[in-house]
Amino acid sequence: MLDSLAVKPHSFPHKLLKPKFRQMEKPEKPSVLSCSIELPEIAYSTLSSEEQEKILHLQQAVLESMVHGGDHREVIDQVCLLEEQLLPNSIASVMLMDEAYEFLNVYAAPSVPAEGIAQLNGLRPGPGGGSCGNVIYQQKPQFVSNTFTDPRWQDLRQLAYNFNLCACWSLPIYSAQRKVVGTFALSSFEHRSPSPFHRKLLEIGASIIGIVLERTRSLESLRLFQKVFEGSQEGIMITDTNKVILSVNPGFTKILGYTEDELIGQTPIKFASGYHGRRFYEGMWHSIDTFGHWHGEIWNRRKNGEIFPEWLAISEVKDARGETTHYIGIFSDISERKDAEEQIRYLSSHDVLTGLPNRMLFEDRLNNAISFAERNHSKVALLNLDLDHFKMLNESLGHAAGDALLLRLTSRLKQCVREIDTLCRSGGDEFFIALAHLEDTDAISAIVDQILEQITEPFSLEGRSLSLSCSIGIAVYPDDGDDFDILMKRADKAMYQAKDSGRNTYRYFTEQLNSDSVEYMHITHELREAIKNNQFILHYQPQIDLTTGGVLGVEALVRWDHPVEGLMPPGRFIGIAEQNGLIVDIGQWVLHEACRQAVAWERAGLPPMVVAVNVSAVQFRRGNFEQVLRSALDGSGLAPRNLEIELTESTLFHDMDYMLTLLNDLKGLGVKLAIDDFGTGYSSLAYLKKFKIDRLKIDRSFVRDIASDPNDAAIVRAIVQMAHTLNLRVIAEGVEDRNMLEYLRSCHCDEVQGYYLAKPMSAAEIAEFIAK
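In this text the structure is predicted, and so the values were computed from the model without any measurement.

Draft legend 1. Fine view of helix H4 (residues 130-138). With 7 of 9 residues buried, H4 lies mostly within the body of the structure. Listing the buried residues of H4 in full gives Gly 130, Ser 131, Cys 132, Gly 133, Asn 134, Val 135 and Ile 136. Each element contacted by the buried residues of H4 is listed here: strand E1 (90-97), strand E2 (104-108), strand E3 (142-144), strand E4 (167-174) and strand E5 (180-188). In the stretch just after H4, Gln 139 is the one whose phi turns positive, near 60°.

Draft legend 2. Inspection of unusual backbone geometry at higher detail. In this chain, Tyr 477 is followed by Pro 478 through a cis amide linkage whose omega measures 0°. Note on placement: Pro 478 falls in the loop between strand E16 (470-477) and helix H15 (484-500). Phi angles above zero are rare outside glycine, and Asn 89 is one such case at about 60°. When you line up the elements, Asn 89 lands in the loop between helix H2 (72-86) and E1. Of note, Arg 503 is a non-glycine position whose phi angle comes to about 70°, a positive value. Following the sequence through the fold, Arg 503 ends up in the loop between H15 and strand E17 (506-508).

Draft legend 3. Here's a closer look at the nonpolar core. Membership of the largest hydrophobic core comes to 84 residues, with the highest contact counts inside it found for Leu 629, Leu 643, Leu 666, Leu 696 and Leu 744. Per element, the largest residue contribution to this core is 10 residues, and it comes from helix H19 (residues 583-603). In this view, Leu 696 contacts Ile 675, Phe 678, Leu 688, Ile 719, Met 722, Ala 723, Leu 728, Arg 729, Val 730 and Ile 731; residues no more than four positions away in its chain are not counted. Of all hydrophobic cores here, the second largest spans 36 residues; its members include Leu 385, Leu 435, Leu 461 and Leu 466.

Draft legend 4. Representation of the pairing of strand E6 (residues 235-240). Counted residue by residue, E6 has 6 buried out of 6 residues, so it is predominantly covered. Of the two faces of E6, the one lined by Gly 235, Met 237 and Thr 239 and the one lined by Ile 236, Ile 238 and Asp 240 are each fully buried. Pairing geometry for E6 and strand E7 (residues 245-248), over 3 bridges, is antiparallel. The residue of E7 that forms the bridge with Ile 238 is Ser 247. Linkage of E6 to E7, two consecutive antiparallel strands, is achieved through a turn of 4 residues, within which Lys 243 is found at a positive phi near 65°.

Draft legend 5. Local environment of the sheet that holds strand E13 (residues 430-438). The sheet built from 5 strands is open, its strands ordered E12-E13-E11-E16-E17 with mixed pairing. Because the sheet does not close on itself, it has two edges, and the strands there are strand E12 (422-427) and E17. Sheet twist, expressed as the mean angle between neighbouring strand axes with direction ignored, is 20°. Direction of pairing for strand E11 (residues 379-387) relative to E13: antiparallel, over a ladder of 7 bridges. In the strand pairing of E13, Leu 383 is matched with Ile 433.

Draft legend 6. Up close: a negative patch on the surface. A contiguous patch of negative charge on the surface is contributed by Glu 374, Asp 482, Asp 483 and Asp 485. Its relative accessible area of 53% is what places Glu 374 among the exposed residues.

Draft legend 7. Representation of the packing of aromatic side chains within the structure. A full pass over the atoms with the stated rule returns 16 aromatic pairs. Between Tyr 275 and Trp 299 the ring centres are 5.7 Å apart and the planes differ by 40°, which places this aromatic pair in the tilted class. Placement of Tyr 275 in the loop between helix H8 (260-263) and helix H9 (278-291) and of Trp 299 in strand E8 (residues 293-301) is noted, with a sequence separation of 24 residues between them. Between Tyr 540 and Trp 601, the ring centres sit 4.9 Å apart and the planes meet at 70°, which makes this aromatic pair edge-to-face. Taken together, the residues span a long stretch of sequence, with Tyr 540 in strand E18 (residues 536-545) and Trp 601 in helix H19 at a distance of 61 residues. Take Trp 601: its relative accessible area is 5%, and that puts it in the buried class. In textbook terms, an aromatic cluster arises when at least three aromatic residues are bridged by ring pairs, as seen for Phe 536, Trp 560, Phe 573 and Trp 589. The residue whose ring lies beneath Arg 178 is Tyr 174, and the NZ or CZ to ring-centre distance is 3.7 Å. Its guanidinium or amino end placed over the ring of Phe 308, Arg 302 lies 4.0 Å from that ring's centre, counting from NZ or CZ.

Draft legend 8. Geometry of the environment of Ala 313. Secondary-structure assignment places Ala 313 in strand E9 (residues 307-318). The class of Ala 313 is partly exposed, set by a relative accessible area of 30%. Taking the C-alpha atoms as reference points, Ala 313 and Ile 236, 77 residues apart in sequence, are found 9.7 Å from one another. If near-sequence neighbours (up to four positions away) are discounted, Ala 313 is found in contact with Trp 294, His 295, Ile 328, Gly 329 and Ile 330.

Draft legend 9. Structural view of the sheet that holds E7. The antiparallel open sheet is built from 5 strands, whose spatial order is E7-E6-E10-E9-E8. Lying at the two open borders of the sheet, with one neighbouring strand each, are E7 and E8. Neighbouring strand axes in the sheet, compared pairwise and without regard to direction, differ in orientation by 25° on average. Taken together, the 9 bridges between E8 and E9 define a ladder with antiparallel strand orientation. Bridging across to E9, Asn 300 finds its partner in Phe 308. Its contacts with the sheet place H9 against E8, E9 and strand E10 (324-333), and it is angled at close to 150° to E8.

Reading the values: rules and limits
Residues numbered from 1 in each chain as written. Predicted model: local features only at pLDDT ≥ 70, side-chain atom pairs only at ≥ 80, totals over all residues. Heavy atoms only, no water. Buried < 20%, exposed > 50% of the residue type's maximum accessible area, 1.4 Å probe, protein only. Helix = DSSP H or I, 4+ residues; strand = E, 2+ residues; numbered from the N terminus. Contact = heavy atoms within 4.5 Å. Core = buried A, V, L, I, M, F, W, Y, C linked by side-chain atoms within 4.5 Å. Pairing = 2+ DSSP bridges. Axes fitted to C-alpha atoms, helices over the stretch in contact; angles between N-to-C directions. Patch = residues over 30% accessible without salt bridge, like charges linked within 9 Å, V, L, I, M, F, W, Y side chains within 5 Å. Areas by Shrake-Rupley, 256 points an atom, 1.4 Å probe, with all protein chains shown as cover. Salt bridge = Lys/Arg side-chain N within 4 Å of Asp/Glu carboxyl O. Lys, Arg positive; Asp, Glu negative; His and termini not counted. Charge placed at Lys NZ, Arg CZ, Asp CG, Glu CD. Phe/Tyr/Trp six-rings, centres within 6.5 Å; stacked < 30°, edge-to-face > 60°. Lys NZ or Arg CZ within 6 Å of the ring centre and 35° of its normal.

Here you go:
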């Protein structure tokens with residue numbers, strides 16, 4: 001019987017042959033089986049013995065091809081040809097929906113000529129789309145005994161005439177998810193209705209084809225998984241439900257150092273580091289059992305004993321009944337990332353040259369000392385130490401010798417302070433010292449006298465004897481202030497008085513130093529008049545894209561057009577304006593004017609660009625900054641994306657929760673946010689992740705010496721790399737010469753501004769500058 005089902009060439013009527021029934025005056029009426037009612041599955045008992053045997057041998061022939069690994073298309077073609085033999089004078093076809101589930105296309109039709117396939121491809125399912133189109137449209141079998149008259153063939157009538165397709169029976173092909181993905185059809189060259197045997201043929205053909213297609217998809221998925229499994233650089237492990245390792249990929253063995261044979265049959269405890277306790281693993285497996293997965297950082301041990309960090313994701317695999325059968329673990333070695341994070345974390349909190357805490361870490365430790373002193377009714381002293389004439393010495397000896405001298409100085413300073421004290425290098429030749437747990441000021445004087453004595457002792461460097469001196473300013477908690485900023489300012493004032501007193505000495509802060517000077521009172525009075533009489537103007541400094549050389553934006557810089565002294569730079573009055581609160585009115589004017597001017601440039605034909613505006617911490621603390629910003633944007637019509645708000649690092653930490661909410665609201669408006677003077681304050685990775693910052697501006701104090709000072713150069717490069725890791729843009733300010741520019745370009749800094757490229761200029765000059 002199998003021989004009788006061998007595939008034979010099939011004769012397809014030529015499309016030009018005109019069937020006799022097309023000559024009839026009236027078309028035949030559809031037979032009763034032309035309905036589209038979904039009929040029940042045909043039982044084998046309704047078939048004759050001969051029909052049952054034919055179907056059995058059809059199934060055997062197809063299964064034999066599948067067992068022998070026949071190509072899926074060949075198997076489907078074989079199904080079509082075998083069914084054509086069992087239904088004489090017919091052709092079989094398989095059509096599948098495209099990926100968008102909009103059109104049917106021929107997938108297999110071994111007896112249909114190319115011109116017929118071309119006309120069938122791109123069939124849109126619908127009420128007139130033939131038997132196959134209606135299977136998709138109605139999601140159920142379609143049996144049409146007269147294609148020339150049946151309304152379901154309205155759109156394909158000409159096709160039926162051309163190819164003498166008189167009847168067409170079509171069944172849906174289902175995916176494993178019971179979704180209709182295509183159709184299997186038998187088309188006859190004579191009008192006929194399907195017998196139970198024919199319908200059974202269709203059912204079996206559609207079922208087998210669905211199985212073949214699903215098997216093909218499964219095999220393709222397995223093939224792709226195997227390539228991913230073998231080629232992945234990440235480690236992949238598969239275990240059974242008892243956590244026994246069944247399989248590992250080459251990436252796994254490469255990272256851990258074991259061979260596959262050494263791991264198969266073992267459990268992951270073989271490479272456990274011992275770093276994690278029982279509660280850690282209980283929590284991990286609770287997550288897997290509850291949610292089906294877990295991911296996190298874990299430490300494991302390589303074969304050579306080295307313990308390393310990895311990022312591990314574990315997922316459970318369930319069968320069709322929802323029962324867990326396996327676990328899959330995928331991990332990557334994050335040692336390099338952890339090392340980089342640690343290096344960045346260290347660089348963000350320590351001075352590169354001396355290894356001493358920087359200003360951010362110093363502030364944290366000083367605040368801790370103040371908290372302890374408050375509870376224990378003790379004192380804390382903040383010392384601001386500045387070397388006398390060190391710049392001149394550094395320039396004459398060279399930076400390398402200057403760095404060596406600073407390292408030896410650091411060693412001596414460490415000998416002068418206790419373990420509970422904190423020594424900090426702020427930058428250049430400036431150091432801060434926090435003396436903690438003090439009972440009185442006598443202890444302070446004793447330590448300071450020792451520092452002065454140590455520094456004045458000659459240093460031997462490269463066969464030469466060098467002498468140094470320093471000036472020290474001292475502010476004491478709680479006598480002179482109760483927070484970091486106040487104590488820093490007052491220690492700074494005391495240090496300058498020490499310098500004014502002849503250097504190589506120290507001074508304590510006194511209230512007399514903090515009393516309002518004549519200059520302060522004079523500036524305050526005239527600032528009020530300047531605000532009233534609108535004496536301020538804005539200059540703008542271009543910000544240049546290092547890649548294209550184009551102007552990306554400008555920074556708005558306020559100037560005071562003083563009626564007597566002429567144009568005054570912000571350094572003369574901004575600090576005083578922040579102390580007396582007038583910065584709020586000045587800042588509001590700057591914001592409105594900058595937005596107005598940006599729109600004026602656009603209307604004059606200049607391309608849209610971002611205007612950056614510095615905002616003082618005092619303005620943020622006033623509590624109405626969002627309303628002020630909205631007013632400036634609405635009043636000018638400037639698109640929020642073309643405005644950037646610059647704020648300093650310290651501003652973020654006065655009230656972190658309030659600032660986080662405010663900055664989120666500002667980002668919601670669409671404006672950009674930038675951190676100004678980055679590197680001089682906290683330089684914290686934590687806040688960069690928490691706050692939605694767009695850009696970092698490297699402070700000019702680091703940029704100034706990057707071509708000659710390797711420490712500043714290293715800091716700048718680290719900041720750029722860190723920012724790019726966090727998807728932040730970087731701009732460097734204070735670029736004064738070509739050497740600075742080229743070094744920044746080598747660091748892949750995004751933008752620059754400075755006098756070497758363009759000085760601050762008026763609005764009209766900016767228009768001319770851009771138009772060039």
